[in-house]
Amino acid sequence: RFRRYLASRGFDDPASVASLYNLRCCNTGRWKDRLIFLIYQYGKLIAWTGRALGNPVHAPRYLSTSNLIKSTIFNEDEIRRGGDTLFITEGPVDALKVDYYGHPHGGRATCVFGTSITIDQISILKRVSRNFVRVVLLFDPEAVETAFSMSEWLPQAVVGQIPAGAEDPGALNPKQVAELVAKYGGTKDGYTGKNYLVT
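What comes next is a walk through the structure. Fair warning: this is a prediction, and the values are worked out from it, not measured in the lab.

Considerations on the sheet that holds strand E4 (residues 62–64)
And step 1. With respect to topology, 4 strands assemble into an open sheet ordered E1-E2-E3-E4, the strand pairing being antiparallel. The sheet terminates laterally at strand E1 (24–26) and E4, the two strands that pair on one side only. Ignoring strand direction, the axes of neighbouring strands in this sheet form an average angle of 30 degrees.
And step 2. Relative to E4, strand E3 (residues 44–52) runs antiparallel, the two sharing 3 bridges. Bridge assignment links glycine 50 to a residue of E4, and that residue is leucine 63.
And step 3. The strands touched by helix H4 (residues 92–102) within the sheet are strand E2 (34–41), E3 and E4, with E2 carrying the most contacts at an inclination of about 75 degrees.

Description of the pairing of strand E7 (residues 132–137)
And step 1. A large share of E7 lies buried, amounting to 5 of its 6 residues.
And step 2. Of the strand pairs in this sheet, E7 and strand E8 (residues 157–159) are connected by 3 bridges, and their pairing is parallel. Residue pairing in the sheet places leucine 137 in a bridge with valine 159 of E8.

A closer look at the state of the cysteines
And step 1. Going through the model one piece at a time under the given rule, you end up with 0 disulfides.
And step 2. Take cysteine 25: it sits in no disulfide, and the sulfur closest to it among the cysteines is that of cysteine 26, at 7.7 Å.
And step 3. For cysteine 25, a relative accessible area of 42% translates into the label partly exposed.
And step 4. Given a relative accessible area of 17%, cysteine 26 falls into the buried group.

Parameters at a glance
- Residues numbered from 1 in each chain as written.
- Predicted model: local features only at pLDDT ≥ 70, side-chain atom pairs only at ≥ 80, totals over all residues.
- Heavy atoms only, no water.
- Pairing = 2+ DSSP bridges.
- Helix = DSSP H or I, 4+ residues; strand = E, 2+ residues; numbered from the N terminus.
- Axes fitted to C-alpha atoms, helices over the stretch in contact; angles between N-to-C directions.
- Contact = heavy atoms within 4.5 Å.
- Buried < 20%, exposed > 50% of the residue type's maximum accessible area, 1.4 Å probe, protein only.
- Disulfide = S-S within 2.5 Å.

Put into structure tokens, the structure is as follows:
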């Protein structure tokens, strides 16, 4: 059922995704029925967050081990290696979708675990952004204003838009992710600068 959940979110090879990103799952206890994202920093496991398979009524959709989750970013150790275009999303499923299907085209993705950002995350993102040609804040449509506010902390970032009809980056299909990377990717000569909504 955890693989079925990934399939329902548009991943055509759930086993490959789970293996590549070291995903876990839980059948009992506090984390029951949650897909677990392990959060590493310099090779050390510091926290994890669990995404409920459904939409629980009496529990949060995401459940995290501690506030340490906000002292890092998703996939930090891989993102640190750099690339062409870095997409910063809200949640780990969003980042998972864009990173998995965007990586072959030069795109990488991370998330800040929500719409707020901490000083620790700003520091990390500023550091890793130096290794990318472009940085794009790719938030849900209703959080675009928040993304603009966040761009004040990340002068090298632009605010991007997800394709029309998609409710969030996690709902994109592989073709849309490839088109997104092509749209925002490129060389420094084509960089549009901060505080500009690239459409």
